[in-house]
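Analysis of the macromolecular model
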Amino acid sequence: MARRDARKWHDFTGMTRLLLLVSSVLLQRGALGQRVKVEPEVLSYPGQTVNLRCAFTDAVGIQLTMVTWIYEPKEGERINIAVYHPHFEANYPESPLKTRVSFTPSPPNLSSPSIQITDVRMSDEGKYICEYATYPSGNEQGITYLVMLAKPQNSALAVPVEAGTKRVVVARCQSTNGRPVAQINWVTTANGNATTKTEAGADNTKSIVSEYRLIPTAADNGKDISCVVTHRTQVKPESIPLKLAVQYAPQVTIVGYDNNWYVGRTNVVLTCMATGNPVPLSVAWKTMSGEMPDTVQIKENQLKVLKVDEAVNTTFVCEVKNRIGTGRDQVTALVREPSVNPSNAGVVAGAVIGSLLALLLVAALIAVLVTRSRRQQQGYRANGGTDMKTRIFGGGKKASKNGTSGGAVTAGIGGGNNNGPIYVYNESASHQGLGEKNNHHQPLTMGGRPEVVTTTPSAQDILLSNELDDAERRKFDELEEDERYDHFSGGGPILQLRPPHDQDDMIGDYMDDDMESQRDGSVISRTAVYV
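Reading the values: the criteria
Residues numbered from 1 in each chain as written. Predicted model: local features only at pLDDT ≥ 70, side-chain atom pairs only at ≥ 80, totals over all residues. Heavy atoms only, no water. Helix = DSSP H or I, 4+ residues; strand = E, 2+ residues; numbered from the N terminus. Buried < 20%, exposed > 50% of the residue type's maximum accessible area, 1.4 Å probe, protein only. Contact = heavy atoms within 4.5 Å. Areas by Shrake-Rupley, 256 points an atom, 1.4 Å probe, with all protein chains shown as cover. Phe/Tyr/Trp six-rings, centres within 6.5 Å; stacked < 30°, edge-to-face > 60°. Patch = residues over 30% accessible without salt bridge, like charges linked within 9 Å, V, L, I, M, F, W, Y side chains within 5 Å. Salt bridge = Lys/Arg side-chain N within 4 Å of Asp/Glu carboxyl O. Pairing = 2+ DSSP bridges. Axes fitted to C-alpha atoms, helices over the stretch in contact; angles between N-to-C directions.

1. Observations regarding the overall build of the chain
Helices and strands together make up the secondary structure of the chain, namely eight helices and 33 strands. Looking at the chain residue by residue over its 531 residues, the buried ones come to 34%. Taking as baseline every contact in the chain between residues at least 6 positions apart, the subset at least 24 positions apart corresponds to 61%. Here the chain has roughly 31900 Å² of accessible surface; of this, 53% comes from carbon and sulfur atoms.

See below:
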């Protein structure tokens, strides 16, 4: 048992020593490797000259014996391309870079043995190792990666297609002869997807091609789509804008019909609007009945109806053609009876009302003028002289027994006769007594009281009253308005009488025969004229 435990302990201590030795070697190599300073990566383009720098730092206690540059391609074996020993000249073994590689500066030194490669090619890309031979540390190295870049040529185009039901390529974008290979993305609102493939290019470059596919429709025509190329040689991604080109048959729409075509309406227009790719070549108007109305004029895509009538009560059709196909649209015109415009009705009503008001105004004016003319004529007829006036008494008025009423003497007691005569007297002498100026007044006695009875004029007096001359009429016109009309109230008839000075000679001849007694006790004239 003790032997077995001892054996295990011996194995454990041996393994521990081995691990410590390996760790020390690795640490030593790591520390030594860090003393060879190189650039981790160098970028270059074909045809340029590239410098690969190398230096050994902290060489205290270390003897630098020789330096060697080794080229290791991505695919292939290592190749020595440059060797320098202080006791010998620089040597450049056979390699693809033999005539294009050299130490710099020249002659080189072990502390900084950098190299220069001219006319760099894409095939020169790979791993370059700067390796020192030292004593007593052995070999130490640093690694630089040479990355060859090639700026690609980018291009994109839209592929013209016809609208259909199959998924097709509508745009193509490519980035050729680039290193490393480029990346392509698409930016668009179209509903499609992209496919990408990579191809080998010239001089170890790469090319990439991307195609955008969708099921094309007329709505996709003209949509924006951009190809975005990203590459290491570009400061920022390059965007190439495009517009999709989808060809389709014309899409036609007729505009202008407002569903208000009434008989007599003029100059209504229908316009045939069409879109298509390629551009439509022809536009044709026709009717479903086959005959175009006489009042219709057609000019390109417009159909104009000069005057709406029953003949245009039909269906109009517009057909448009292009290389892809034919599109059409139609509209049915319904001719209506003319409707009254509310604004016109208001104008007509206003005109009628205005006309009626004007007629009423004219009629009122005519009535006033006629009434005034009649009153003036009545006043002329009643004028018995320069200072004579006609007094009119209504049939219902009663005069007093002892005097006059309205400036005239009444005949009869009680005044029951509604057809009272018109009496003429001399107004200028009215204050001196009725009997003095008028011989027609005769004193009578009735019931013990004196009464005055006025005799009425004869028919001859009435007829002679029309012989008034013009001077007397003009004088009557000069009277004031209240004096001309205040006594013509229309209460009794108008009687034209002879002037008083002519009555004296005639009254005695027919007084007895002319007067007639009434039942109420009054006396009236037989020849009196009543109006």
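2. Some thoughts on the packing of aromatic side chains
Across all of its chains, the model carries seven aromatic pairs by this definition. Each ring, one from tyrosine 92 and one from phenylalanine 103, has its centre 5.9 Å from the other, and the planes form 40 degrees; the classification is tilted. Taken together, the positions of tyrosine 92 in the loop between β6 (79-84) and β7 (101-104) and phenylalanine 103 in strand β7 put the pair 11 residues apart, joining distant regions of the chain. Look at tyrosine 92 and you get partly exposed, because its relative accessible area is 22%. Members of the aromatic cluster, each reached through a chain of ring pairs, are Tyr84, Tyr92 and Phe103.

3. Notes on a nonpolar patch on the surface
A cluster of nonpolar residues, Val352, Leu356 and Leu359, forms a patch on the protein surface that exposes about 290 Å² of accessible area. By secondary structure assignment, the location of valine 352 is in helix α2 (residues 342-381).

4. A short note on the sheet that holds strand β16 (residues 206-214)
Read across the sheet, four strands follow the order β11-β13-β16-β15 without closing on themselves; strand pairing throughout is antiparallel. Two strands close off the open sheet at either side, each with one partner strand: β11 (153-158) and β15 (193-200). Geometrically, the sheet is characterised by an average inter-axis angle of 15 degrees between neighbouring strands, direction not taken into account.

5. Description of the pairing of strand β10 (residues 138-148)
Across four bridges, strand β2 (residues 41-44) lies against β10 in parallel orientation. If you follow glutamate 41 over to β10, its bridge partner there is tyrosine 145. Pairing of strand β9 (residues 126-135) with β10, which is carried by nine bridges, proceeds in the antiparallel orientation. Paired with glutamate 131 across the two strands is glutamine 141, which belongs to β10. As consecutive antiparallel partners, β9 and β10 are separated by two residues.

6. Section: the pairing of β9
Counted residue by residue, β9 has eight buried out of 10 residues, so it is predominantly covered. Bridge count between strand β5 (residues 63-73) and β9: 10 bridges; the pairing is antiparallel. The residue bridging leucine 64 from the neighbouring strand is threonine 134, located in β9.

7. Comments concerning the environment of glutamate 211
Position of glutamate 211 among the secondary structure elements: in strand β16. Looking at glutamate 211, the relative accessible area reads 16%, which means it is buried. The spatial distance from the C-alpha of glutamate 211 to the C-alpha of alanine 194 is 5.4 Å, given a sequence separation of 17 residues. If we ignore the near neighbours within four places in the chain, the residues touching glutamate 211 are Val169, Ala171, Arg172, Trp186, Asn193, Ala194 and Thr195.

8. Here's the deal with the side chain of aspartate 124
Tracing the backbone through its elements, the reader meets aspartate 124 in the loop between β8 (114-117) and β9. Look at aspartate 124 and you get buried, because its relative accessible area is 2%. Contact partners of aspartate 124, with chain neighbours within four places excluded, come to Tyr71, Leu97, Arg100, Ile117, Asp119 and Leu146.

None of this, on its own, says anything about what the molecule does.
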